[in-house]
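Structure assessment
One letter stands for each residue in the lines below.
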Amino acid sequence: MLRLGRNSESGFLRLLARLGEEPASRGLLTEIADGLLRALDAERLFLLRFRKGGGFQVLAARNLDGETLSRPHERISHHAVRKMLRARGVWVVEDARQDRRYRSEDVIAGAKPPLSIIILPLRTEGEILGGIYVDHRFQKLGAAAVRRSDVRAWTALCALAVSIREQAKRRRWLERKLAIRQRLAVLAGGSEPSAERPARPSLSLRRPLPPAGRVEELHGFVSANPDMLDLFDTIRGLRESAIGVLIRGETGTGKSLLARAVHLSSARSDHPLVNAGCASIPETLIESELFGHVRGAFTGADRDREGLIVQAHGGTLLLDEVGDLGVEMQSKLLRVIEDGKVRPLGAKDEIEVDIRIVATTSRDLDILVRRNLLRRDLFYRLRALELEISPLRERWEDIPVLAEHFLRLHGEGGAAVPITPEAMQLMLDYPWPGNARELESEIRRLLALGHREIAPGALASFIRRKPPAAMGGGRREAGDLVLDDAVSAAERDVIVAALERCRGNKSRAAEILGIARKTLYRRLRKYGISQAEPRSAQRWLA
């Protein structure tokens, strides 16, 4: 049985009761974090939520004085977090000063290092959803502390709060998805009115589809997707940080655009952002391009040339598609990152540089490391903070938002050409393998052809090609459903689409959906999804 002290118990029960009233707001998470911090008798606590594609988001960063800590990513040992994830259990470092790998970014910059570190996993249905990172710079935190009844109770409350928060986010996502479909049905005229269903007001089909939910723009990157909006918040919180950032994502998702947003959101925005395309620069020229050279360094070097690294001094160096960088060049780049100095080809003296590294990749860098095609030490340097951009097929609500954005961006006078509901439905059904870049190309093609309205016939033939209809007699109209039924229907469709995409592989489908495998099995039984159904099901959210 879990036991708490009398004072702690009243606060614990009060917060537990509030979980039923508010969906784990930031304020409530902060109060729960403060309770656990006191129970552990630690100096600082960071409440983490792990992202499916790697990296983490800091939901709360608190100290023993009840203050919110700024720049939390710099105060955390990312090595310690990785150790906990590999161990899949509590990770205790009683003397972190004996191992340099546990240094954080603020320690490297001169802050006092922590003496002890403890990281507790937050589990839900057997999966690690997040973690509790605590440390103390003046006292040792023993492993016995995490076994105390009050600590286990507060940790369980943290796990429950984070889980409820994620469920609320997913429900809002499904509701936004339903809202778009309902608007499409209304704009298209819907079904025939009846006594039970009065006629809807007449709406023009020439009117563009309004976006559902909150839409934000971060220096040219537009999104209505909740995960992307969280990403925007993370980027804004890094304004004063020079921590390295690794941006992952498929080709065409907008990695370079997000890298630009990272730079412009930082205190370095007044200094240059220099793009070094690792895939586009020939291997024989990459060293000269990055480091520069002096006159006479090699045949054809008739004058001094400033390298891209020196050009980025005070600002940000973008290593675009860093996975294509040669191994020899990786070693030289690592020395620049560690020493803050660069020596141009043929020069005797080194030049001091102050740069922030932002790298992008569409490749699986973990595989490159295992194949010795990417240095492990450089990999860890680059991925101090990971940001992942989901493919467009997983950001369903961004399709109408981006379509309107590109229409205004490339249209005459900044006016958006209207899209008919039927055309938008086809665009929502299409999986967009080329992601946002493919969507932008299609919009530019339509504008170049002079279309004043985008109807189904104007779209490319491969977008108009409809997927096979779903088994089981088709879908019900949105107007026939109450909200809970509609959300369930939407959830069922998402699961069917994930199974179809993974060719029936349930483990992979569960990973894509962000749920445990046993949770997926429960959903399959709940919705009566058979083993054969995904092979012919309609893919409207691939």
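Refer to the structure presented above.
The structure reproduced in this document is the subject of the present report. (Residues numbered from 1 in each chain as written. Predicted model: local features only at pLDDT ≥ 70, side-chain atom pairs only at ≥ 80, totals over all residues. Heavy atoms only, no water.)

Quick look at the sheet that holds strand S8 (residues 245-248)
Overall, parallel pairing links the five strands, which are arranged S9-S12-S15-S8-S16 in an open sheet. Looking at which strands have only one partner, the edges of the open sheet turn out to be strand S9 (273-277) and strand S16 (385-388). Mean inter-strand twist for the sheet, computed between neighbouring axes without regard to direction, equals 20°. (Pairing = 2+ DSSP bridges. Helix = DSSP H or I, 4+ residues; strand = E, 2+ residues; numbered from the N terminus. Axes fitted to C-alpha atoms, helices over the stretch in contact; angles between N-to-C directions.)

With respect to the environment of Ala-460
You can see Ala-460 is positioned in the loop between helix H16 (435-448) and helix H17 (461-464). Judged by its relative accessible area of 10%, Ala-460 falls in the buried class. Between the C-alpha atoms of Ala-460 and Glu-442, which are 18 residues apart in sequence, the distance is 7.7 Å. If we skip the residues at most four places from it in the chain, Ala-460 touches Glu-442 and Arg-445. (Buried < 20%, exposed > 50% of the residue type's maximum accessible area, 1.4 Å probe, protein only. Contact = heavy atoms within 4.5 Å.)

Overview of the pattern of salt bridges
The full count for this structure, using the stated rule, is 28 salt bridges. The shortest N-O distance in the salt bridge between Asp-366 and Arg-248 comes to 3.3 Å. Within this pair, whereas Asp-366 is found in helix H12 (residues 365-370), its partner Arg-248 is found in strand S8, the two being separated by 118 residues in sequence. Residue Glu-404 is joined to Arg-408 by a salt bridge in which the shortest nitrogen-to-oxygen separation is 3.1 Å. Pair noted here: Glu-404 and Arg-408 are both in helix H14 (residues 398-410), with a separation of four residues, about one helical turn. With relative accessibility at 41%, the residue Arg-408 sits in the partly exposed group. Each of Arg-49, Arg-165, Glu-166 and Asp-230 takes part in one network of salt bridges that share partners. (Salt bridge = Lys/Arg side-chain N within 4 Å of Asp/Glu carboxyl O.)

Thoughts on the pairing of strand S1 (residues 44-50)
Where burial is concerned, most of S1 is hidden: seven out of the seven residues are buried. Going residue by residue along S1, you find Arg-44, Phe-46, Leu-48 and Phe-50 tucked away on one face and Leu-45, Leu-47 and Arg-49 tucked away on the opposite face as well. As defined by bridge partners, S1 adjoins strand S2 (residues 56-63) across seven bridges and the pair is classed as antiparallel. Each bridged residue has a counterpart across the sheet, and for Arg-44 the counterpart in S2 is Asn-63. Both S1 and strand S5 (residues 127-136) contribute to a ladder of six bridges, which runs antiparallel. Paired with Arg-44 across the strands is Asp-135, a residue of S5.

Some points on the packing of helix H7 (residues 226-236) against helix H8 (residues 255-264)
When two helices pack together, their arrangement is given by the angle between the helix axes and the distance between those axes. Between H7 and H8, the shortest axis-to-axis distance is 9 Å and the interhelical angle comes to 35°. Along this stretch, H7 crosses H8, giving a crossing that reads as right-handed. Across the interface between the two elements, Leu-231, Phe-232 and Ile-235 of H7 pack against Leu-258, Ala-261 and Val-262 of H8. Tallied by class, residues from the contact of H7 with H8 come to six nonpolar, no polar and no charged. (Left-handed = near helix turned anticlockwise from the far one by under 90°. Nonpolar A, V, L, I, M, F, W, Y, C, P; charged D, E, K, R; others polar.)

A closer look at the packing of H14 against helix H15 (residues 421-429)
The contact between H14 and H15 brings their axes to 10 Å, and the two run at 120°. Taken together, the axes of H14 and H15 are oblique relative to one another. In terms of crossing hand, the pair formed by H14 and H15 is right-handed. Residues Ile-399, Pro-400 and Ala-403 of H14 pack against Met-424, Met-427 and Leu-428 of H15. In the contact of H14 with H15, the residues fall into six nonpolar, no polar and no charged. (Parallel < 35°, antiparallel > 145°, perpendicular 65-115°, else oblique.)

Here's the deal with the sheet that holds S2
The strand order across the open sheet built from five strands is S2-S1-S5-S4-S3, with neighbouring strands paired in antiparallel fashion. With one partner strand each, in any of the chains shown, S2 and strand S3 (91-93) form the two edges of the open sheet. For this sheet the average axis-to-axis angle between neighbouring strands, irrespective of direction, equals 15°.

Some words on a positive patch on the surface
On the surface, a cluster of positive charge is made up of Arg-86, Arg-370, Arg-371 and Arg-376. The class of Arg-370 is exposed, set by a relative accessible area of 60%. (Patch = residues over 30% accessible without salt bridge, like charges linked within 9 Å, V, L, I, M, F, W, Y side chains within 5 Å. Areas by Shrake-Rupley, 256 points an atom, 1.4 Å probe, with all protein chains shown as cover. Lys, Arg positive; Asp, Glu negative; His and termini not counted. Charge placed at Lys NZ, Arg CZ, Asp CG, Glu CD.)

Regarding the packing of aromatic side chains
Counted by the stated rule, this structure contains five aromatic pairs. Ring geometry for Phe-221 and Phe-232: centres 5.9 Å apart, planes at 85°, overall edge-to-face. Of this pair, Phe-221 sits in strand S7 (residues 221-223) while Phe-232 sits in helix H7, and the two are 11 residues apart along the sequence. Pair check on accessibility: Phe-221 and Phe-232 agree, each one buried. With 5.7 Å between their ring centres and 45° between their planes, Tyr-430 and Phe-462 make a pair best called tilted. Of this pair, Tyr-430 sits in the loop between H15 and H16 while Phe-462 sits in helix H17, placing them 32 residues apart in sequence. On the accessibility criterion, Tyr-430 (13% relative accessible area) is buried. (Phe/Tyr/Trp six-rings, centres within 6.5 Å; stacked < 30°, edge-to-face > 60°.)

A few points about the pairing of S8
Burial along S8 is two-sided: Val-245 and Ile-247 facing one way and Leu-246 and Arg-248 facing the other are all buried. As paired strands, S8 and strand S15 (residues 356-361) are joined by four bridges and run parallel to one another. Its bridge partner being in S15, Leu-246 is matched across the sheet by Ala-359. Pairing analysis gives four bridges linking S8 to S16, with the strands arranged parallel. The residue of S16 that forms the bridge with Ile-247 is Leu-387.

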